[in-house]
Each structure stands twice: as C-alpha cells, then as structure tokens.
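Report on the structure
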Amino acid sequence: MTTTQTHTLAVPGVDLVYDVRGPLPPSGGRPALLMIGQPMTAEGFTALAAHFTDRTVVTYDPRGLGRSIRTDGRSDHTPQQQAADLHLLIEALDAGPVDVFASSGGAVTALELVATHPGDVVTLVAHEPPINAVLPDATAAERARAGFYEAYQAKGTGAGMAAFIAMTSWQGEFTDAYFAQPAPDPAMFGMSTDDDGTRDDPLLSQSSWAITDYRPDAGRLTAAPTRIVIAVGEESAGTYTARTALGTAALLGQEAVVFPSHHGGFLGGEFGYAGKPEEFAARLREVLDAG
C-alpha cells in the first residue's frame, strides 16, 4: 500500500495543501503524475490514484478550496491564478516536468499552465474542459450558466444545483426548447429545497465564471513541447462538457480521445456520482504510456 504524505506550500495569498503518494524524486524514470480538478479537491482522485501505485501521484486542493486556505482576501477562482500556483507547486516538488491528468475546471487550469509554463508538463490529459468560447452556441451557453446562477441566488443550493444538472445533462446546443423548460425540482435529484442562506458555492456562484469564460491560446498551446490530449467520456456524448471537449480538441487541430464513463468517470461510489475508475485508469495509463 502506498503511503500518502501531506504537505503545505506557502505561496503568496494561500497555503496550498497537497498530497504525495510515492517517492520524490519519482522512481522508475517516470514523471510524477499530478491529478487536478476545480472545484474538485484532492479527495476526488482517491479512487483513480489507487490504480497508479507504481507511480508517484500528487493531488492538491486548489486555492481557496478544501484545505488550501486563502490569505489574499479574494474569493474568485481563475485559471491564471491557479496555473501560477501549480507552477510553484511543481517547482517545490523538484521533480518536474510532470504528467498531468486534469478534470473539468482543472483541465482549464492545466491548459493555462501549459500556455504559460510549457516546460512544466510532459503530457497533459485534459478531461472535458468546460470552455464556452469553443462552442458554436457560446452566447446561449452563457445564458444557461446565468440561469443556474439566478436559481441559486433566488432559492439556494438545491435549486441552483438542479438547474446546473439540467444544463450539464442537456443534449446538444442550448436552443429555445432548453430555455422554455420549467425550473427543475431539486427533489427530482434527491436534493433538499431548504435554503441555508449561503451564496458562496464555488460551482454555483459567479466566483468560478473565469473558468468557463477562459479563451485558450491555440498558438501557444500547439507550440508548447507538451503533448496535449483532450479527453471526452463515452457516456457524455452530446452534453455540454462533451461538446466543449470536442470544441477544444478541434481548436488544437486534433480529435478528442474517448474515455470510459462520464464527466466523473474516474470517481468511486463515495461521491454518489460513481464512474468506472478501474476502466478509466486503464485508459489513462494507455494514453500516458503512448507518449
């Protein structure tokens, strides 16, 4: 069994907490493998990391999320700031360049990391980055995002999350039919309609809008020495994040690589959004080894 060691890295504005499974420097001549998300924290990669005991795996809590407590007085989550944090973390590991598996908003952060610090990453597997700009219906996607934000502001977490699920499970472009739907009932998804009064959820508030507003620099990304693989879940077909993955891949002149399961395909059952972590890990290993 691989021992997990937890460390704290003090960087300007935050104490970044990260976990290391395996030796540093890595053994066997393989780079360390970073697994990153946003707003997902390190615990979301527990099931996936368990399938990579032959490699040094690093996970972390992004700035202002989980155990990484901010000291800068801010509440926004931007790819630029998180990429800067990751660069400092990779420097602190003294084991770069690294491989990166990045999920959702973490995939957007990782693209910014490659664009700004191309020497940090050997291979990036960016799984379903939610980037509105690569969609033909980008304006409608922004309107749909505003819809779940407004539901959250009006009625709290249950209403906001139900609207978020409705958006991310919608098939195809956001048409008039999407916007004509009645507001979804949180009870349909097993969620409470109680409102605790908080409005600081990183997913449902505006604090992470910079993630979906991100505009990848195709020139810098394609010029980087990093091997970039855009990944999409086979069960995600037609949904928002599958479409953004395909759009990002097209922007970079490539085709997305299909992975098992859905947007959370690497998750274990403890999150109530179980994927197929064993199959997902096998595919990830195959893609990383191909590099």
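Residues numbered from 1 in each chain as written. Predicted model: local features only at pLDDT ≥ 70, side-chain atom pairs only at ≥ 80, totals over all residues. Heavy atoms only, no water.

An unreviewed UniProt entry annotates the protein as Pimeloyl-ACP methyl ester carboxylesterase of Micromonospora cremea.

Quick notes on the layout of surface pockets
Space inside the largest pocket adds up to approximately 1200 Å³. If you go around the largest pocket, you meet 42 residues; those closest to its centre are P39, S104, F164, L203 and H263. At the level of secondary structure, the elements contributing two or more residues to the lining of the largest pocket comprise α4 (138–155), α5 (157–169), α7 (209–212) and α9 (240–251). A breakdown of the residues in the lining of the largest pocket according to their chemical character gives 18 nonpolar, 19 polar and five charged. The residue makeup of the lining of the largest pocket includes at least three contributed by each of domain 1 (4–131 + 214–290) and domain 2 (137–189). One number sums up the size of the second largest pocket: a volume of about 520 Å³. A163, Q181, P182, A183 and P184 are the residues nearest the centre of the second largest pocket, which is lined by 25 residues in total. Top contributing element to the lining of the second largest pocket by residue count: α4, with seven residues. When the residues that make up the lining of the second largest pocket are grouped by side-chain class, the tally is 16 nonpolar, six polar and three charged. (1 Å grid on protein atoms, 1.4 Å probe; cavity = no way out; pocket = protein on both sides within 12 Å on 5 of 7 lines; lining within 4 Å. Points joined across faces, edges and corners; volume = space filled by probe spheres on them. Helix = DSSP H or I, 4+ residues; strand = E, 2+ residues; numbered from the N terminus. Nonpolar A, V, L, I, M, F, W, Y, C, P; charged D, E, K, R; others polar. Domains from an automatic or database assignment.)

Description of the pairing of strand β4 (residues 57–60)
Of the two faces of β4, the one carrying V57 and T59 and the one carrying V58 and Y60 are both buried. Across three bridges, the pairing between strand β3 (residues 33–36) and β4 is parallel. In the strand pairing of β4, L34 is matched with V58. (Buried < 20%, exposed > 50% of the residue type's maximum accessible area, 1.4 Å probe, protein only. Pairing = 2+ DSSP bridges.)

Quick notes on the UniProt feature "domain: AB hydrolase-1" (unreviewed entry) in the protein
The positions that UniProt labels "domain: AB hydrolase-1" (unreviewed entry) are, in the present scheme, residues 42–132. Counting secondary structure, residues 42–132 comes out at 34% helix and 19% strand; the distance between its end C-alpha atoms is 25 Å. (UniProt positions renumbered as here; feature names shortened; annotations may be inferred.)

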